[in-house]
Amino acid sequence: MQAHGVSLSRVARIAAAAALLGLGVNAWSQAKPEEEPFWAKGRPKGDAAAKMAPVPAFPIPTPADKLPVAKMKLPPGFKAEVYASNILDARGLREGDQGTVFVSSLFVAGKVYAVTNRDGKREVKVIAQDMMLPNGIEFNKGALYVATPKEIVRFDNIEANLDKPPTPVKIYDKLPGDVPHGWKFIKIGPDGKLYVPVGAPCNICEPDDQHARILRMNLDGSNVETVARGVRNSVGFDWDPKTGELWFTDNQRDWLSEDLPNDELNHVTKVGEHFGFPYCHQGDLADPEYGWGKNCSDYTKPAALLGPHAAPLGMRFYTGKMFPAQYQGAIFIARHGPWNRTQKYAADIVVAYPDGKGGIAKVESFMTGLVENNQYLGRPVDLMVMKDGSLLVSDDHNGAVYRISYSR
Amino acid sequence: MTRLRAQALLLASTLALTPLAASAQAAPPAGYAQRWAGLCANCHGVEGVSSTADTPSLAGMGSFYAATQLFLFRAGRRQNAAMTVVGKSLTDDDLRGFSDLIGQLPAPPAPTGTPDAARMAQGRAIAQRHQCAGCHGADFAGGDQVPRLAGQREEYLKRALLEFKSAQRIGYTNSMNEALSTVEPTELETLAYFLANVR
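If you're wondering where the values come from, they're calculated on a predicted model, not measured in any experiment.

Trainee: Can you walk me through the sheet that holds strand β3 (residues 101-103) of chain A in this structure?
Mentor: All names here are of chain A. Reading across the sheet, the four strands line up as β2-β3-β4-β5 and stay open at both edges, with antiparallel pairing between neighbours. The sheet is open, and its two borders are formed by β2 (93-95) and β5 (121-128), each paired with just one other strand. Averaged over neighbouring strand pairs, the angle between their axes works out to 25 degrees when direction is ignored. As defined by bridge partners, strand β4 (residues 112-118) adjoins β5 across seven bridges and the pair is classed as antiparallel. Pairing of Asn117 across the sheet is with Arg122, part of β5.

Trainee: Would you mind showing me how to read the pattern of salt bridges here?
Mentor: Oppositely charged side chains may form a pair once their charged atoms are brought near each other. All names here are of chain A. For the coordinates displayed, the defined rule picks out 29 salt bridges over all chains. In this structure, Glu81 and Arg403 form a salt bridge, with 2.8 Å as the shortest nitrogen-oxygen distance. With Glu81 in strand β1 (residues 78-84) and Arg403 in strand β29 (residues 400-406), this pair connects stretches of sequence that are 322 residues apart. Looking at Glu81, the relative accessible area reads 26%, which means it is partly exposed. Among the salt bridges present, the one from Asp173 reaches Lys170, with a minimum N-O distance of 3.8 Å. Residues participating in the shared-partner salt-bridge network are Arg94, Glu138, Arg316 and Asp382.

Trainee: Would you mind going over the packing of helix α3 (residues 32-44) of chain B against helix α6 (residues 92-103) of chain B with me for this structure?
Mentor: When two helices pack together, their arrangement is captured by the angle between the axes and the distance separating the axes. All names here are of chain B. At their nearest, the axes of α3 and α6 sit 10 Å apart, and the two run at 85 degrees to each other. On the basis of the axis angle, α3 is roughly perpendicular to α6. Only Asp93, Asp94, Gly97, Phe98, Leu101 and Ile102 of α6 make contact with α3, whose side of the interface consists of Tyr32, Ala33, Arg35, Trp36, Leu39 and Cys40. Within the contact of α3 with α6, the residues separate by chemical class into eight nonpolar, one polar and three charged.

Trainee: Sorry if this is basic, but what is going on with helix α5 (residues 81-88) of chain B here?
Mentor: Working note: α-helix, 3.6 residues per turn, so residues spaced by three or four point in the same direction. Residues and elements named next belong to chain B. Those residues of α5 lying buried are Met83, Thr84, Val86 and Gly87. Down the axis of α5, the sector holding all buried residues measures 165 degrees, keeping them to one side. Of the residues in α5, the exposed ones pointing more than 90 degrees away from the buried face are Ala81, Val85 and Lys88. Looking at the buried residues of α5, the elements they touch are α3 and α4 (63-74). N-cap assignment for α5: the residue whose side-chain oxygen lies 3.1 Å from the backbone N of Ala82 is Asn80.

Trainee: Teacher, can you tell me more about the sheet that holds strand β8 (residues 152-155) of chain A here?
Mentor: Within a sheet, neighbouring strands are paired by backbone hydrogen bonds and run either parallel or antiparallel to one another. All names here are of chain A. The strand order across the open sheet built from four strands is β6-β7-β8-β9, with neighbouring strands paired in antiparallel fashion. Looking at the sheet topology across the chains shown, the edges are occupied by β6 (136-140) and β9 (169-172). Pairs of neighbouring strands in the sheet enclose a mean axial angle of 25 degrees, with direction left out of account. Judged from the five bridges that link them, β6 and strand β7 (residues 143-147) form a sheet pairing that is antiparallel. Bridge pairing in β7 links Ile137 to Val146.

Trainee: What's the story with the environment of Gly291 of chain A in this structure? I'm lost.
Mentor: All names here are of chain A. By the secondary structure assignment, Gly291 is in the loop between β19 (285-286) and β20 (304-308). Given the relative accessible area of 5%, Gly291 is considered buried. A C-alpha to C-alpha distance of 9.2 Å links Gly291 and His281, two positions 10 residues apart in sequence. In contact with Gly291, other than residues within four places in its own chain, are Tyr279 and Ala286.

Calculation rules
- Residues numbered from 1 in each chain as written.
- Chains lettered and ligands numbered in written order.
- Predicted model: local features only at pLDDT ≥ 70, side-chain atom pairs only at ≥ 80, totals over all residues.
- Heavy atoms only, no water.
- Pairing = 2+ DSSP bridges.
- Helix = DSSP H or I, 4+ residues; strand = E, 2+ residues; numbered from the N terminus.
- Axes fitted to C-alpha atoms, helices over the stretch in contact; angles between N-to-C directions.
- Salt bridge = Lys/Arg side-chain N within 4 Å of Asp/Glu carboxyl O.
- Buried < 20%, exposed > 50% of the residue type's maximum accessible area, 1.4 Å probe, protein only.
- Parallel < 35°, antiparallel > 145°, perpendicular 65-115°, else oblique.
- Contact = heavy atoms within 4.5 Å.
- Nonpolar A, V, L, I, M, F, W, Y, C, P; charged D, E, K, R; others polar.
- Arc of directions from axis to C-beta.
- Polar contact = N/O pair within 3.5 Å; in protein donor to acceptor, adjacent residues only side chain to side chain.

Laid out in structure tokens, this is it:
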């Protein structure tokens, strides 16, 4: 089914037609013609850098028997298994009230999937297709929310209608709609509001007041307000179950160097505070272009550094009962692994332990083993604590979802 | 050229791979050399160097690009009368098999003859102005999901450029449509000439 009246190709046609007519109106990108592609701005000269570019998910899912579960290294007692395979471009994860696992995707698939689980028998259904970068999903009171760069829609009573999803209800369509960093991660907070990031439409630029921030709104799309500013591209956040405060991962700029700046784990303590982009990165590094005349002490510093270009995406506080006590209240973070670095690393799950004073005591590896010969065997995107306390992990590189469980 | 000779050539090309490339990319699954010879070689050339009008050479294309295009044909997101029919018949294993095979074709021979120096200079300037090398590489050899342009058939390049410019053809996103939005139609011909002859 067509999820909402505008298909991927139609949007592109309109955008291209507008560009052809010289209208200068392009809903997809802020990039001016004749500029290099947005991700290439700031790229240094030289062969090594010239060979680096973002790589999309491979267009064919890896068969279940070839998925790299045996390569995954976990602490003692933990086990990884395939939860579901053949999910092209698997990205965001949410669990429905009746145990359906919803999986979003980006531009390779343009689909939203539902994985049903009846008596251990899992089936993957497509519930929406031809959507433009439908990366943001959230489940609430029987409804599935789906966010594209431009709009947010809601499929009511979805779990009862997986084979014939209802026509979605549009709740908000005034997002900027850029492709660069326009894809969403959305989640409903303890305040009952829907949180929606709007990334910077560039690698590095001075953003306008529509971009580089995290917004929140009522579930009907009303009362939009800015929660955090100076956020380059957040594709994961969650609330501390103890304090109700928002924490988010943020991907920092490319091309500055192989080892700088670090990506960030941030902690929001007051509404509207500024996290530094584009002036200050990783809390202590003024941008070589936009940092002049700025002072890093004017911006909120990250709670933890997560590695240069590591691409931390989905994150969740662990609230389940299955894992050992040390993980209670700790933050599991999926790192997608860098494209903007000669030596690949990460593509793993790390755990950040809050220190109880608003910061992070330490960050430890949890799941590793997916980088071999400087290539990725898999790339974790989102993770989710299931009702039984196990951890689901999506992998867009292989088009699969894994389950990590613990037993003594 | 006989089917037998085609297989021999493909076998030779597989053996000629360096150990590094061979370890990075598995050999195409058995049977695809034969299917290539029967299904693809007539139009795209036995060694992937096309002598058919409007049909691209595939020699020197990466397997990621090949898999992506086959996927787009199969999904109806890229249109071509012949390839839409072929695409619909392909399984996931076929996409991997054919694209692995394409990724292992030897690079195409360097263009022969002496191109018009003035047109080449104009074409190079257009390519520079529109940042083509930013994705396609300084040598226009492509990489990963990005196609090789150097040595491609000129009329195919011209048609592909026109299809992107008019948004008849769209990739995953509209990045190529946007990249070409300010290139004049007359410049597309010069650009195609340059890319077909660049070495």
